[in-house]
Amino acid sequence: KIAVETGIPGGRLLEDAGAPTLSLDQIKAIVETAHARGVIVIAHVTNEWEMRRAVDGGVDGLAHTPLDEIPSDLLRALVDRKIPMTGTLNIWGTPTNTVTANAQRNVAKLVKAGGTVAMGTDYPFQVHGGLPIEELKLMRDAGLTDEQVLLASTRDAAIACARPDLGTIELCKVADMI
């Protein structure tokens, strides 16, 4: 996991303070090196421009949804390149705040466009410890169906982790059933 993020929604906090953030060339070099070793690269993002830089750099997945609107061309790139995004909606506080609502809209837009949204957490920053029930509720409140939430928590989470042996109940896959 690499951090392509500035610390605040819509801002360039780290860059404004003189701290470095990864350039496009640095991201490309990291991705190339990782891929040569058979390792995927997931980018931590908070804003649309960070997501764009990460996607342009060739990352394999995204941790967190941007807190500003994902433009349609970037949504299309995520769908076309099959780049999964782990929403982590529950780290932004109450379901009624603007930041959470923006993140929920982005998750819904990506699913509607045919993209992959995985359920995940950002422990210890999620609001509650343990099973992320709040995350599931926030995904449902974003407009995902029960089936889409279940798939995000199983199949799509396995996709985001590059684990084709997990996530669905099929022959030759690892599965624990309760």
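Residues numbered from 1 in each chain as written. Predicted model: local features only at pLDDT ≥ 70, side-chain atom pairs only at ≥ 80, totals over all residues. Heavy atoms only, no water.

Asker: Hey, could you go over the overall build of the chain for me, with residue numbers and the actual values?
Answerer: When helices and strands are counted, the chain shows 8 helices and 5 strands. Going residue by residue from the N terminus, the α and β elements of the chain occur as β-α-α-β-α-β-α-β-α-β-α-α-α. Residues classed as buried in the chain amount to 42% of the 178 residues present. A separation threshold of at least 6 residues defines the contact pool for the chain, and within that pool the share at least 24 residues apart is 55%. Of the roughly 9,600 Å² that the chain leaves accessible, carbon and sulfur atoms contribute 58%. (Helix = DSSP H or I, 4+ residues; strand = E, 2+ residues; numbered from the N terminus. Buried < 20%, exposed > 50% of the residue type's maximum accessible area, 1.4 Å probe, protein only. Contact = heavy atoms within 4.5 Å. Areas by Shrake-Rupley, 256 points an atom, 1.4 Å probe, with all protein chains shown as cover.)

Asker: Requested: an account of the pattern of salt bridges, with residues and values cited.
Answerer: Under the defined criterion, the tally for this structure stands at 8 salt bridges. In this structure, glutamate 48 engages arginine 52 in a salt bridge whose closest nitrogen and oxygen atoms are separated by 3.0 Å. Here arginine 52 and glutamate 48 lie together in helix H3 (residues 48–56), a separation of 4 residues that amounts to about one turn. For glutamate 48, a relative accessible area of 18% corresponds to the buried category. Its salt-bridge partner being aspartate 80, residue arginine 76 comes within 3.2 Å of it at the nearest N-O pair. Of this pair, arginine 76 and aspartate 80 both sit in helix H4 (residues 72–80), 4 residues apart, which is roughly one turn of that helix. The structure contains a network of salt bridges with shared partners spanning Glu48, Arg52 and Asp73. (Salt bridge = Lys/Arg side-chain N within 4 Å of Asp/Glu carboxyl O.)

Asker: Kindly report on the packing of helix H2 (residues 24–36) against H3, identifying the contributing residues and their values.
Answerer: It is at 8 Å that the axes of H2 and H3 come closest, and there the two elements cross at 45 degrees. As far as their axial angle goes, H3 and H2 are oblique. For the crossing formed where H2 meets H3, the hand is right-handed. Taking contact as the criterion, the partners of Leu24, Ile27 and Lys28 in H2 are, on H3, Arg53, Ala54 and Asp56. By residue class, the composition of the contact of H2 with H3 is 3 nonpolar, no polar and 3 charged. (Axes fitted to C-alpha atoms, helices over the stretch in contact; angles between N-to-C directions. Parallel < 35°, antiparallel > 145°, perpendicular 65-115°, else oblique. Left-handed = near helix turned anticlockwise from the far one by under 90°. Nonpolar A, V, L, I, M, F, W, Y, C, P; charged D, E, K, R; others polar.)

Asker: Summarise H3; cite the residues concerned and give the values.
Answerer: Considered for burial, the residues of H3 that qualify are Glu48, Trp49, Glu50, Met51, Ala54 and Val55. Positive backbone phi, approximately 95 degrees, marks glycine 58, located one or two places after H3.

Asker: If you had to explain the packing of helix H6 (residues 133–141) against helix H7 (residues 146–153) to someone new, which residues and values would you point to?
Answerer: H7 packs onto H6 with a crossing angle of 135 degrees between their chain directions and a minimal axis gap of 9 Å. Here H6 is positioned oblique relative to H7, judged by the angle of their axes. The two elements H6 and H7 meet at a crossing, and its hand is right-handed. Residues Leu136, Met139 and Arg140 of H6 form the contact with H7, whose participating residues are Asp146, Val149, Ala152 and Ser153. For the contact of H6 with H7, a count of residues per class yields 4 nonpolar, 1 polar and 2 charged.

Asker: Hey, could you go over unusual backbone geometry for me, with residue numbers and the actual values?
Answerer: Phi at histidine 64 is positive, roughly 90 degrees, even though this residue is not glycine. Structurally, the position occupied by histidine 64 is in the loop between strand S3 (61–63) and H4. You can call histidine 64 buried: its relative accessible area is 2%. The backbone of lysine 82 shows a phi angle near 55 degrees, a positive value even though the residue is not glycine. Relative to the helices and strands, lysine 82 resides in the loop between H4 and strand S4 (85–86). Looking at lysine 82, the relative accessible area reads 66%, which means it is exposed.

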